[in-house]
Amino acid sequence: NSSVHKKRLTLWKVIGYIRIYVMKKAIVVGGSNGIGLAITVELSNLYEEVTIIDRATPSIELSSNVSFRKVNLLDEDFDFLSDYNDIDTLIITAGFGRVTPFNSIVDKEIDNSYQVNTIATTKILHHYYPRMQRAEDFHCAVMGSIAGFVSSPLFALYGATKAALCSLIESLNIELEKSGTNNRILNVSPGSIKGPRFNGGDNDLTETTSLAKEIIQ
(Lines give C-alpha, C1' and ligand atoms only; values in the text may rest on other atoms or scores of the structure.)
Protein backbone atom coordinates (compact mmCIF):
# COMPACT_ATOMS: atom_id res chain seq x y z
CA ASN A 1 0.00 0.00 0.00
CA SER A 2 2.84 2.38 0.80
CA SER A 3 4.41 1.79 -2.63
CA VAL A 4 1.07 2.52 -4.32
CA HIS A 5 0.72 5.68 -2.23
CA LYS A 6 4.20 6.82 -3.23
CA LYS A 7 3.43 6.18 -6.90
CA ARG A 8 0.25 8.25 -6.60
CA LEU A 9 2.17 11.11 -4.98
CA THR A 10 4.80 10.96 -7.71
CA LEU A 11 2.10 10.96 -10.38
CA TRP A 12 0.40 14.00 -8.86
CA LYS A 13 3.76 15.80 -8.69
CA VAL A 14 4.32 15.11 -12.39
CA ILE A 15 0.81 16.33 -13.23
CA GLY A 16 1.46 19.45 -11.17
CA TYR A 17 4.67 20.19 -13.03
CA ILE A 18 2.89 19.67 -16.35
CA ARG A 19 0.15 22.13 -15.36
CA ILE A 20 2.72 24.70 -14.29
CA TYR A 21 5.00 24.42 -17.31
CA VAL A 22 3.52 22.83 -20.42
CA MET A 23 1.53 24.98 -22.81
CA LYS A 24 2.01 28.22 -20.92
CA LYS A 25 2.81 31.05 -23.29
CA ALA A 26 3.32 34.73 -22.56
CA ILE A 27 4.19 37.96 -24.30
CA VAL A 28 5.91 40.83 -22.54
CA VAL A 29 5.38 44.14 -24.31
CA GLY A 30 8.38 46.24 -23.40
CA GLY A 31 10.31 43.21 -22.19
CA SER A 32 13.78 44.24 -23.33
CA ASN A 33 14.51 46.62 -20.49
CA GLY A 34 13.75 47.49 -16.88
CA ILE A 35 10.99 45.71 -15.02
CA GLY A 36 9.82 44.12 -18.28
CA LEU A 37 13.19 42.42 -18.69
CA ALA A 38 13.11 41.17 -15.09
CA ILE A 39 9.60 39.77 -15.62
CA THR A 40 10.75 38.06 -18.83
CA VAL A 41 13.60 36.34 -16.99
CA GLU A 42 11.24 35.11 -14.26
CA LEU A 43 8.60 33.90 -16.71
CA SER A 44 11.21 32.02 -18.73
CA ASN A 45 11.72 29.76 -15.71
CA LEU A 46 8.02 28.92 -15.55
CA TYR A 47 6.64 29.09 -19.10
CA GLU A 48 7.12 27.05 -22.24
CA GLU A 49 7.38 30.13 -24.46
CA VAL A 50 7.93 33.81 -23.72
CA THR A 51 7.99 36.44 -26.45
CA ILE A 52 9.38 39.93 -25.99
CA ILE A 53 7.60 42.62 -28.00
CA ASP A 54 9.83 45.69 -28.14
CA ARG A 55 11.60 48.03 -30.52
CA ALA A 56 14.95 47.48 -28.75
CA THR A 57 16.69 44.12 -28.54
CA PRO A 58 17.25 42.71 -25.03
CA SER A 59 20.47 43.89 -23.41
CA ILE A 60 21.32 40.46 -21.97
CA GLU A 61 21.41 36.90 -23.26
CA LEU A 62 18.18 35.07 -22.45
CA SER A 63 17.21 31.39 -22.33
CA SER A 64 16.28 29.49 -25.47
CA ASN A 65 12.53 29.59 -24.78
CA VAL A 66 12.52 33.41 -25.04
CA SER A 67 12.04 34.95 -28.48
CA PHE A 68 12.11 38.56 -29.62
CA ARG A 69 9.90 40.43 -32.07
CA LYS A 70 10.80 43.93 -33.07
CA VAL A 71 7.76 46.20 -32.88
CA ASN A 72 7.55 49.96 -32.62
CA LEU A 73 4.44 50.92 -30.65
CA LEU A 74 4.37 54.25 -32.46
CA ASP A 75 3.12 52.33 -35.48
CA GLU A 76 -0.63 52.13 -35.95
CA ASP A 77 -0.68 48.49 -37.10
CA PHE A 78 -1.32 45.95 -34.34
CA ASP A 79 -2.30 43.04 -36.59
CA PHE A 80 0.82 41.19 -35.40
CA LEU A 81 -1.05 40.36 -32.18
CA SER A 82 -3.02 37.74 -34.10
CA ASP A 83 0.15 35.64 -34.17
CA TYR A 84 -0.11 35.35 -30.38
CA ASN A 85 -3.77 34.51 -29.85
CA ASP A 86 -2.81 31.32 -27.99
CA ILE A 87 -1.09 33.05 -25.06
CA ASP A 88 -2.46 32.85 -21.54
CA THR A 89 -0.37 35.65 -20.05
CA LEU A 90 -0.05 39.26 -21.19
CA ILE A 91 2.38 41.68 -19.57
CA ILE A 92 2.62 45.31 -20.71
CA THR A 93 5.48 47.38 -19.31
CA ALA A 94 6.24 49.62 -22.28
CA GLY A 95 6.16 53.34 -21.61
CA PHE A 96 8.29 56.43 -21.37
CA GLY A 97 8.35 59.90 -19.91
CA ARG A 98 10.69 62.57 -18.62
CA VAL A 99 10.85 65.05 -15.81
CA THR A 100 10.33 68.42 -17.46
CA PRO A 101 8.20 71.58 -17.28
CA PHE A 102 5.10 71.36 -19.42
CA ASN A 103 6.08 74.41 -21.49
CA SER A 104 9.25 72.64 -22.65
CA ILE A 105 7.31 69.80 -24.32
CA VAL A 106 6.80 69.88 -28.08
CA ASP A 107 3.67 68.65 -29.87
CA LYS A 108 5.37 65.51 -31.22
CA GLU A 109 6.29 64.43 -27.71
CA ILE A 110 2.65 64.77 -26.67
CA ASP A 111 1.57 62.61 -29.60
CA ASN A 112 4.21 59.96 -28.94
CA SER A 113 3.57 59.85 -25.19
CA TYR A 114 -0.13 59.16 -25.61
CA GLN A 115 0.50 56.70 -28.43
CA VAL A 116 2.94 54.54 -26.45
CA ASN A 117 1.71 54.97 -22.89
CA THR A 118 -2.03 54.97 -23.53
CA ILE A 119 -3.26 54.23 -27.05
CA ALA A 120 -1.01 51.25 -27.80
CA THR A 121 -1.80 49.64 -24.45
CA THR A 122 -5.52 50.26 -24.96
CA LYS A 123 -5.43 48.57 -28.38
CA ILE A 124 -3.50 45.59 -27.02
CA LEU A 125 -5.96 45.17 -24.15
CA HIS A 126 -8.85 45.48 -26.61
CA HIS A 127 -7.39 42.69 -28.74
CA TYR A 128 -7.18 40.29 -25.80
CA TYR A 129 -10.33 41.43 -24.00
CA PRO A 130 -12.55 38.65 -25.43
CA ARG A 131 -9.99 36.18 -24.06
CA MET A 132 -10.19 37.82 -20.62
CA GLN A 133 -13.98 37.47 -20.63
CA ARG A 134 -13.81 33.70 -20.91
CA ALA A 135 -13.90 31.32 -17.96
CA GLU A 136 -10.38 30.02 -18.57
CA ASP A 137 -7.59 31.77 -16.67
CA PHE A 138 -5.91 34.63 -18.48
CA HIS A 139 -3.22 36.52 -16.59
CA CYS A 140 -2.70 40.19 -17.44
CA ALA A 141 -0.61 42.90 -15.81
CA VAL A 142 -0.04 46.47 -16.97
CA MET A 143 2.60 48.85 -15.68
CA GLY A 144 0.83 52.01 -14.62
CA SER A 145 2.38 54.60 -12.33
CA ILE A 146 1.72 56.36 -9.07
CA ALA A 147 1.78 59.49 -11.28
CA GLY A 148 -1.52 58.23 -12.71
CA PHE A 149 -3.14 58.66 -9.30
CA VAL A 150 -1.22 61.55 -7.73
CA SER A 151 -0.58 64.80 -9.60
CA SER A 152 3.10 65.68 -9.74
CA PRO A 153 4.80 68.83 -11.02
CA LEU A 154 7.15 68.23 -13.97
CA PHE A 155 5.28 64.98 -14.68
CA ALA A 156 2.15 66.57 -16.15
CA LEU A 157 2.22 64.81 -19.53
CA TYR A 158 3.44 61.46 -18.26
CA GLY A 159 0.96 61.52 -15.39
CA ALA A 160 -1.90 62.35 -17.73
CA THR A 161 -1.12 59.40 -20.02
CA LYS A 162 -0.92 57.05 -17.05
CA ALA A 163 -4.07 58.47 -15.43
CA ALA A 164 -6.02 57.60 -18.57
CA LEU A 165 -4.56 54.09 -18.45
CA CYS A 166 -5.36 53.59 -14.76
CA SER A 167 -8.94 54.73 -15.31
CA LEU A 168 -9.30 52.34 -18.23
CA ILE A 169 -8.06 49.38 -16.19
CA GLU A 170 -10.40 50.18 -13.32
CA SER A 171 -13.39 50.36 -15.67
CA LEU A 172 -12.45 47.14 -17.47
CA ASN A 173 -12.08 45.25 -14.21
CA ILE A 174 -15.60 46.26 -13.23
CA GLU A 175 -16.88 45.05 -16.59
CA LEU A 176 -14.99 41.77 -16.19
CA GLU A 177 -16.47 41.27 -12.75
CA LYS A 178 -19.98 41.88 -14.03
CA SER A 179 -19.43 39.45 -16.91
CA GLY A 180 -18.86 36.64 -14.42
CA THR A 181 -15.23 35.81 -15.17
CA ASN A 182 -12.55 35.67 -12.49
CA ASN A 183 -9.99 37.27 -14.79
CA ARG A 184 -8.78 40.77 -13.92
CA ILE A 185 -6.11 43.20 -15.13
CA LEU A 186 -3.42 43.86 -12.54
CA ASN A 187 -2.52 47.55 -12.42
CA VAL A 188 1.08 47.80 -11.23
CA SER A 189 1.57 51.43 -10.21
CA PRO A 190 4.78 51.88 -8.24
CA GLY A 191 6.54 55.09 -7.40
CA SER A 192 10.16 55.58 -8.35
CA ILE A 193 11.98 52.25 -8.56
CA LYS A 194 15.64 51.45 -8.95
CA GLY A 195 16.99 49.29 -11.72
CA PRO A 196 15.14 50.27 -14.92
CA ARG A 197 16.45 52.57 -17.63
CA PHE A 198 13.65 55.09 -17.16
CA ASN A 199 16.06 57.85 -16.17
CA GLY A 200 18.79 56.84 -18.60
CA GLY A 201 20.62 54.37 -16.37
CA ASP A 202 21.53 50.75 -17.02
CA ASN A 203 19.37 47.69 -16.44
CA ASP A 204 20.02 46.24 -12.99
CA LEU A 205 18.19 42.97 -12.42
CA THR A 206 19.33 42.86 -8.81
CA GLU A 207 17.07 45.86 -8.20
CA THR A 208 14.06 44.82 -10.29
CA THR A 209 13.82 41.05 -9.77
CA SER A 210 12.00 41.21 -6.42
CA LEU A 211 9.23 43.39 -7.89
CA ALA A 212 9.05 41.14 -10.97
CA LYS A 213 8.49 38.12 -8.73
CA GLU A 214 5.70 39.89 -6.84
CA ILE A 215 3.96 40.79 -10.09
CA ILE A 216 3.87 37.28 -11.51
CA GLN A 217 2.90 35.51 -8.28
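Above: the structure in question.
Quick caveat, the model's predicted, so the values are computed rather than measured. (Residues numbered from 1 in each chain as written. Predicted model: local features only at pLDDT ≥ 70, side-chain atom pairs only at ≥ 80, totals over all residues. Heavy atoms only, no water.)

Draft legend 1. Up close: the pattern of salt bridges. All chains considered together, the criterion is met by 4 salt bridges. Of the charged contacts in the structure, one is a salt bridge between Asp83 and Arg69, with a shortest N-O distance of 2.8 Å. Of the two residues, Asp83 is situated in the loop between strand 3 (66–70) and strand 4 (89–92) and Arg69 in strand 3; the sequence distance between them amounts to 14 residues. Arg98 is the partner of Glu109 in a salt bridge, and the nearest nitrogen-oxygen pair spans 2.7 Å. Pair noted here: Glu109 is in helix 3 (residues 107–132) and Arg98 is in the loop between strand 4 and helix 3, with a separation of 11 residues, a long-range link. Residue Glu109 is classed as buried on the basis of its relative accessible area of 15%. Given the relative accessible area of 40%, Arg98 is considered partly exposed. (Salt bridge = Lys/Arg side-chain N within 4 Å of Asp/Glu carboxyl O. Helix = DSSP H or I, 4+ residues; strand = E, 2+ residues; numbered from the N terminus. Buried < 20%, exposed > 50% of the residue type's maximum accessible area, 1.4 Å probe, protein only.)

Draft legend 2. Geometry of the nonpolar core. One finds Leu90 and Tyr128 to be the most contacted residues of the largest nonpolar core, which totals 28 residues. Listing elements by their share of this core, those giving two or more residues are strand 1 (25–29), strand 4, helix 3, strand 5 (139–143) and helix 4 (156–179). Take this core: its biggest share by element is 7 residues, from helix 3. Residues within four places of Tyr128 in sequence aside, it is in contact with Ile27, Leu81, Tyr84, Asn85, Ile87, Leu90 and Phe138. In this structure, Ala38, Val50, Met143 and Ala212 belong to the second largest nonpolar core, which totals 17 residues. (Core = buried A, V, L, I, M, F, W, Y, C linked by side-chain atoms within 4.5 Å. Contact = heavy atoms within 4.5 Å.)

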